[in-house]
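Descriptive analysis of the structure
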Amino acid sequence: MKIELKSIYKSFGSVLANDDVSLTVETGTIHGLLGENGAGKSTLVKIISGFIGRDRGSILLNDCPVEIKTPEAAIGQGIGMLHQDPLDFPPLSVLDNFMIGKRQITLTNEEKKEVRFIKPGLKSQIEVGKMPDSQGLWSIPIFHPSFFILPKKAAAREFKQLANQFNFNLNIHEIVGNLSVGERQQLEILRLLSLGVQTLILDEPTTGISASQKDAIFAAMKQLAATGKSIIFVSHKLEDVEVLCDRVTVMRQGRVVGNAEIPCPSNQLVEMMFGRELAQPSKPETAQSEVAFAVNNLLVKDDRLSIKIDSLTVQCGEVIGLAGLEGSGQRLLLLLGAGLQQAVSGKLYINGADMTHKSYPEYLKAGVGFLPADRLKEGLVSGLSIHEHVMLRNREDSLFINRQETLKIAQQAIAFFDIRGKPNSKVERLSGGNQQRTQLALLPVPLNLLLMEHPTRGLDIESAIWVWQQLIIRCQSGTAILFTSSDLDEIMQYSDRVIVFSGGNVSEPIDARKLTAEHLGQMIGGKLNQ
């Protein structure tokens, strides 16, 4: 399906998010939408997908003007969007989530026996005038004023057929809250395809997922494009756009600043994004002699896996990268270090103090900070503004809050971290990258130990470089850092040592200077002793 946007405008108060944006996505192509954080990319695709309305401009599908005012209307027009944080229901199963939004389903004769009716005697009525298709399947609505069906077998059959088509390995009975971000993305893609979308929008889909999950999604997108579907791929990662896309449109400060066919020189794309070339910083030596974090004879587990570490010592100012597929045990170590997970056995020390089995508030007092990957679930509070978050952070033990003082702090944080928002902006209305900046701005100073999941998740190249410059300054003042990242280049560039996790098995710390990307990839795949 061909999508054409003509002179799209959208403002939020005094902020002009989309300024005369025009864009054409041809049928059967993968079109990249590239730009720094706050460039207007997410606003534009939310307009296309019906999550927000445009102020002015036109949307044409296959050369016909359309009005798209809700996500339901977009689905009806064949447009579906995979958000950076998938919109699913974590307490429900994979199959229950897959069925959300479905209005029609096909049943075999055997599956028709599952139909449950509000009124008896209606089974024959829904078959009047209907004939099975060439494959012997009956197409009937899921909901109807006179009857209601629970077609679990049919839905499971359809799900497995779609999943097999793209080599997605998902258990239909698994609770979605137990899935990784990459698996949740796969589920949402299958759900949208089952609803009949012809254009699929992916908003920063490779942020916080493993390399194998990224490869699976890329292969699926290429397969869909080959069948005539159009893909809009929103990203700030040049390497992803260069690997996946046929063409790219670059946005900066709400406007389109250029278009290019892929392949295109990286420096040309960077210059379009930022107006200049960017220099990569080098990681200086920051490790000191004092010990910031140590564990002995550690065993920690949750309901899925356990990890055992005989001994680990992290120096003040040292950066330790935790590499591995998502769910391999890195998060358990970070939660333990933050006081959010208790050890089954063993000892844990922070700056020489025994913190084993201490409470989370005691870890905070010991100078421990934690930056979680799930921003709106664990890091920030939906419904609260940036200013209100600053007030929460600065209230300490007092019942009274100086609003004027905390407002100044919020304004300073917004300016220093270049957050595209105002003190009264609700955090859930910020872009993913600006939510990450807000989380970083809320971290206390100073810290003895900083634990981070995907610290540059959702950030463009320039922002990621700037963030690591600030983190290195912390290290130089003595803060030890442990962080996870799905970006192996980030781990190898900024770590002093790397610990590899594979299915609960944990390697000894390795000097990052002695690692290659190939060796690290093999270890992540399970060859820890190579």
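See above for the structure.
Scope of this entry: the structure provided in the associated data block. (Residues numbered from 1 in each chain as written. Predicted model: local features only at pLDDT ≥ 70, side-chain atom pairs only at ≥ 80, totals over all residues. Heavy atoms only, no water.)

A tally of helices and strands in the chain yields 18 helices and 26 strands. Split into buried and exposed, the 530 residues of the chain put 52% on the buried side. The contacts of the chain with a sequence gap of at least 6 include a subset with a gap of at least 24, amounting to 68%. In the structure as shown, the chain presents an accessible area of about 24,000 Å², 50% of it carried by carbon and sulfur atoms. (Helix = DSSP H or I, 4+ residues; strand = E, 2+ residues; numbered from the N terminus. Buried < 20%, exposed > 50% of the residue type's maximum accessible area, 1.4 Å probe, protein only. Contact = heavy atoms within 4.5 Å. Areas by Shrake-Rupley, 256 points an atom, 1.4 Å probe, with all protein chains shown as cover.)

So, on to the nonpolar core. Grouped together as the largest cluster of nonpolar side chains are 51 residues, with contacts concentrated most on Phe 159, Ile 189, Leu 190, Leu 200, Leu 202, Met 221 and Leu 269. The element that contributes the greatest number of residues to this core is helix 7 (residues 211-226), accounting for 7 residues. With residues near it in sequence (within four places) discarded, Leu 269 still touches Leu 34, Leu 238, Glu 242, Val 248, Val 250, Ala 260 and Cys 264. Within the second largest apolar cluster, 34 residues are counted, among which are Ala 323, Ile 472, Ile 491 and Met 523. (Core = buried A, V, L, I, M, F, W, Y, C linked by side-chain atoms within 4.5 Å.)

Further remarks concern the packing of aromatic side chains. The final tally for this structure, using the stated rule, is 8 aromatic pairs. The interplanar angle of 65° and the centroid separation of 5.2 Å between the aromatic rings of Phe 416 and Trp 466 together place this pair among those described as edge-to-face. One end of the pair, Phe 416, is in helix 14 (residues 403-416); the other, Trp 466, is in helix 16 (residues 461-476), with 50 residues separating them in the sequence. We classify Phe 416 as partly exposed; its relative accessible area is 48%. Each residue in the set Phe 416, Phe 417 and Trp 466 is aromatic and connected to the rest through ring pairs, giving one cluster. A cation over an aromatic ring shows up here: Arg 56 above the ring of Tyr 9, its NZ or CZ 4.0 Å from the ring centre. (Phe/Tyr/Trp six-rings, centres within 6.5 Å; stacked < 30°, edge-to-face > 60°. Lys NZ or Arg CZ within 6 Å of the ring centre and 35° of its normal.)

This brings us to unusual backbone geometry. As a rule of thumb, non-glycine residues mostly have phi less than zero, and peptide bonds are mostly trans rather than cis. The linkage connecting Ile 262 with the following residue, Pro 263, adopts the cis geometry, with an omega of 10°. Within the element layout of this structure, Pro 263 appears in the loop between strand 15 (255-261) and helix 9 (266-274). The step from Val 445 to Pro 446 runs through a cis peptide bond, and the omega angle for that step is -5°. Looking at where Pro 446 falls in the secondary structure, it is placed in the loop between helix 15 (432-441) and strand 22 (449-453).

On to the environment of Pro 86. Relative to the helices and strands, Pro 86 is located in the loop between strand 6 (79-82) and helix 3 (94-99). Here Pro 86 falls in the buried class, since its relative accessible area comes to 6%. Among all residues touching Pro 86, those that are not within four sequence positions of it are Val 181, Arg 184 and Gln 185.

Under the defined criterion, the tally for this structure stands at 18 salt bridges. The residue Arg 255 makes a salt bridge to Asp 19 at a minimum N-O spacing of 3.0 Å. With a gap of 236 residues between them, Arg 255 in strand 15 and Asp 19 in strand 2 (residues 15-25) connect regions that are remote in the sequence. Salt bridges here are not isolated pairs; linked through shared partners, they connect Glu 36, Asp 418 and Arg 420. (Salt bridge = Lys/Arg side-chain N within 4 Å of Asp/Glu carboxyl O.)

Below, the discussion takes up helix 6 (residues 181-194). Over its 14 residues, helix 6 extends 20 Å from the first C-alpha to the last, a length consistent with the 20 Å expected when each residue adds 1.5 Å. Burial of helix 6 is extensive: 13 of the 14 residues sit out of reach of the surface. (Expected span 1.5 Å × (residues − 1).)

With that out of the way, let us pick up the sheet that holds strand 3 (residues 30-35). In spatial order, the strands read 6-12-13-3-14-15; together these 6 strands make up an open sheet with mixed pairing. Taken across any chain shown, the strands that pair with only one partner, and hence form the sheet edges, are strand 6 and strand 15. Here the strands of the sheet are splayed against their neighbours by 20° on average, with no regard to which way each runs. In the sheet, strand 6 pairs with strand 12 (residues 199-203) via 4 bridges, with the strands oriented parallel. Bridge pairing in strand 12 links Gly 80 to Leu 200. Sheet strands in contact with helix 6 are strand 6 and strand 12, and its direction is about 175° off that of strand 6. Set on the sheet, helix 7 makes contact with strand 3, strand 12 and strand 13 (230-235); between it and strand 12 the angle comes to about 155°. (Pairing = 2+ DSSP bridges. Axes fitted to C-alpha atoms, helices over the stretch in contact; angles between N-to-C directions.)

Here we come to the sheet that holds strand 1 (residues 3-12). Strands sit in the order 2-1-4-5 across an open sheet of 4 strands; the sheet is antiparallel. The open sheet is flanked by strand 2 and strand 5 (64-66), the only strands paired with a single partner. If you compare each strand with its neighbour and ignore which way they point, the axes differ by 30° on average. With 7 bridges connecting them, strand 1 and strand 2 associate as antiparallel partners. In the sheet register, Lys 10 faces strand 2, and the bridge partner there is Asn 18. Running over the sheet, helix 1 (residues 41-48) touches strand 1, strand 2 and strand 4 (56-61) and is turned about 120° from strand 1.

Relative orientation of the contacting elements helix 6 and helix 7 amounts to 15°, with a least axis distance of 10 Å. By the angle between their axes, helix 6 is roughly parallel relative to helix 7. Considering only the axes of helix 6 and helix 7, their crossing is left-handed. On helix 7, the residues that touch Gly 182, Glu 183, Gln 185, Gln 186, Ile 189 and Leu 193 of helix 6 are Gln 213, Ala 216, Ile 217, Met 221 and Leu 224. (Parallel < 35°, antiparallel > 145°, perpendicular 65-115°, else oblique. Left-handed = near helix turned anticlockwise from the far one by under 90°.)

Shape descriptors only; they carry no functional weight alone.
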